[in-house]
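Fold and contact review
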Amino acid sequence: MANKVLSIEIGQSFTRVIEMDYKSKNPKIYNAFSFATPEEMVTDGAVEVGSAFNSILAGKLKERKINTNKVIFVLNSARIASREIAIPNVKENKIKDILIANASDYFPVDLNQYQLIHEIIGRSGEGNSKKIKLSVLAVPDDIIKSYELLAANCDLTLIGLDYIGNAIKQLMVKEIPEDVKVTIKVDATVSILTIMEDEEVKLQRVLNYGINDAIEEIQSSELFGDYLEFEEAMDIARKRTCVLLRFDQGETNYSESDETGMEVDSQKLQMMRRNVTESLETLIGSFSRVLDYYQSRNSEKSIERIYLVGLGADFSGLSKLMTNELNYKVIPLLQFDGISLSKNVS
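Residues numbered from 1 in each chain as written. Predicted model: local features only at pLDDT ≥ 70, side-chain atom pairs only at ≥ 80, totals over all residues. Heavy atoms only, no water.

**Topic: the packing of helix α5 (residues 212–221) against helix α7 (residues 266–279)**
One can describe the packing of α5 onto α7 by two numbers: an axis separation of 8 Å at closest approach and a directional angle of 160°. The orientation of α5 with respect to α7, classified from their angle, is roughly antiparallel. When you trace α5 past α7, the crossing you get is right-handed. Of the residues in α7, those touching α5 at Asp 213, Ala 214, Glu 217, Ile 218 and Ser 221 are Met 272, Asn 275, Val 276 and Ser 279. In terms of residue class, the contact of α5 with α7 is built from 4 nonpolar, 3 polar and 2 charged. (Axes fitted to C-alpha atoms, helices over the stretch in contact; angles between N-to-C directions. Helix = DSSP H or I, 4+ residues; strand = E, 2+ residues; numbered from the N terminus. Parallel < 35°, antiparallel > 145°, perpendicular 65-115°, else oblique. Left-handed = near helix turned anticlockwise from the far one by under 90°. Contact = heavy atoms within 4.5 Å. Nonpolar A, V, L, I, M, F, W, Y, C, P; charged D, E, K, R; others polar.)

Below, the structure written as structure tokens:
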């Protein structure tokens with residue numbers, strides 16, 4: 001029997017759930033689904049334990065006949081610090097002691113309010129110079145405790161916590177062939193830009209911007225109905241191009257045929273596209289500054305393309321707008337070669 005685990009990422013607007021193989025080199029995904037996160041459930045990275053989330057999750061698991069009760073929560077918060085370090089080659093039960101003794105060298109925070117979580121990611125050197133490479137997280141106590149409570153409340157066994165930055169790194173190593181690998185994960189309220197050289201993270205920035213403002217522009221346009229929920233507006237953005245190709249673009253000649261099958265006022269649609277595009281200027285401008293910073297210090301390195309993941313990859317037209325404004329080819333990454341899908345997963 002496969003050793004399965006639930007991987008759950010609770011975002012400000014969306015919760016993603018994947019049932020997959022645990023500790024497998026080439027994991028298979030057996031089930032995947034998402035649902036709207038209950039309002040005000042996530043506060044500064046910590047989650048509120050309440051009956052609404054438990055009820056929705058239990059219902060979704062029952063609907064799909066999922067019996068897996070082991071869970072790994074994927075954390076996504078600007079309050080989490082992440083470092084890759086190398087320590088002497090010691091026995092694994094001694095690693096924690098070394099980290100605690102040297103923690104202040106790694107993280108400039110009050111470690112009385114944080115817990116350190118580590119993972120061995122490699123080994124290097126030989127003989128006396130042999131080293132252990134670690135990925136280390138400093139996670140605020142309140143975030144960890146909130147997820148422990150949530151797991152217990154959902155009758156799930158918590159077997160680990162991961163950081164979205166680590167998950168992105170693993171994805172990049174498996175899926176992106178370039179020497180200089182760049183991904184931008186865009187979600188509702190947080191985005192993460194990661195640059196790697198070979199298998200080493202050179203730069204990672206968490207930005208407190210996402211597509212939430214753009215989704216609100218779609219909702220407030222009322223072109224597709226009154227009082228759209230975030231998930232409904234995101235579905236519109238997935239099926240219909242709601243952005244312009246450039247910030248300074250004039251009138252568009254986009255075809256009005258799309259998957260929604262909805263007739264809309266062309267002038268109002270043009271105005272909505274303008275408003276949605278303008279709402280993304282701060283986000284894309286932030287990406288541009290981070291990329292310029294990297295290139296100014298690594299002029300000998302060439303970024304060939306950027307891979308877009310997260311909700312942003314599903315946002316029709318966003319990759320084209322980013323391509324034109326960032327002057328790098330931006331490609332939505334929607335399929336992954338290193339992960340196989342069960343026939344049940346659509």
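Picking up where we left off.
**Observations concerning the pattern of salt bridges**
What the rule picks out here adds up to 14 salt bridges. A salt bridge links Asp 142 to Arg 79; the shortest N-O distance between them is 2.9 Å. Pair noted here: Asp 142 is in helix α3 (residues 141–153) and Arg 79 is in the loop between β6 (70–75) and β7 (81–88), with a separation of 63 residues, a long-range link. What makes Arg 79 partly exposed here is its relative accessible area of 26%. (Salt bridge = Lys/Arg side-chain N within 4 Å of Asp/Glu carboxyl O. Buried < 20%, exposed > 50% of the residue type's maximum accessible area, 1.4 Å probe, protein only.)

**A closer look at the sheet that holds strand β11 (residues 180–186)**
If you trace the 5 strands from one edge of the open sheet to the other, you get β13-β12-β11-β14-β15, paired in mixed fashion. The open sheet has two edge strands, β13 (200–207) and β15 (329–332), and neither has a second partner. For this sheet, the mean angle separating the axes of adjacent strands, direction not counted, is 20°. As paired strands, strand β12 (residues 191–197) and β13 are joined by 7 bridges and run antiparallel to one another. Residue Thr 194 lies in a different strand from β13, and its bridge partner there is Gln 204. In this fold helix α4 (residues 164–175) packs onto β11, β12, β13 and β14 (305–310), with an angle of close to 45° to the strand it touches most, β12. (Pairing = 2+ DSSP bridges.)

**Points about the side chain of Glu 197**
Tracing the sequence through the fold places Glu 197 in strand β12. With a relative accessible area of 12%, Glu 197 lands in the buried category. At 2.7 Å, the side chain of Glu 197 forms a polar contact with the side chain of Tyr 294. Those residues within four positions of Glu 197 in sequence are excluded, and the remaining contacts are Asp 179, Val 180, Lys 202, Tyr 294, Asn 298 and Lys 301. (Polar contact = N/O pair within 3.5 Å; in protein donor to acceptor, adjacent residues only side chain to side chain.)

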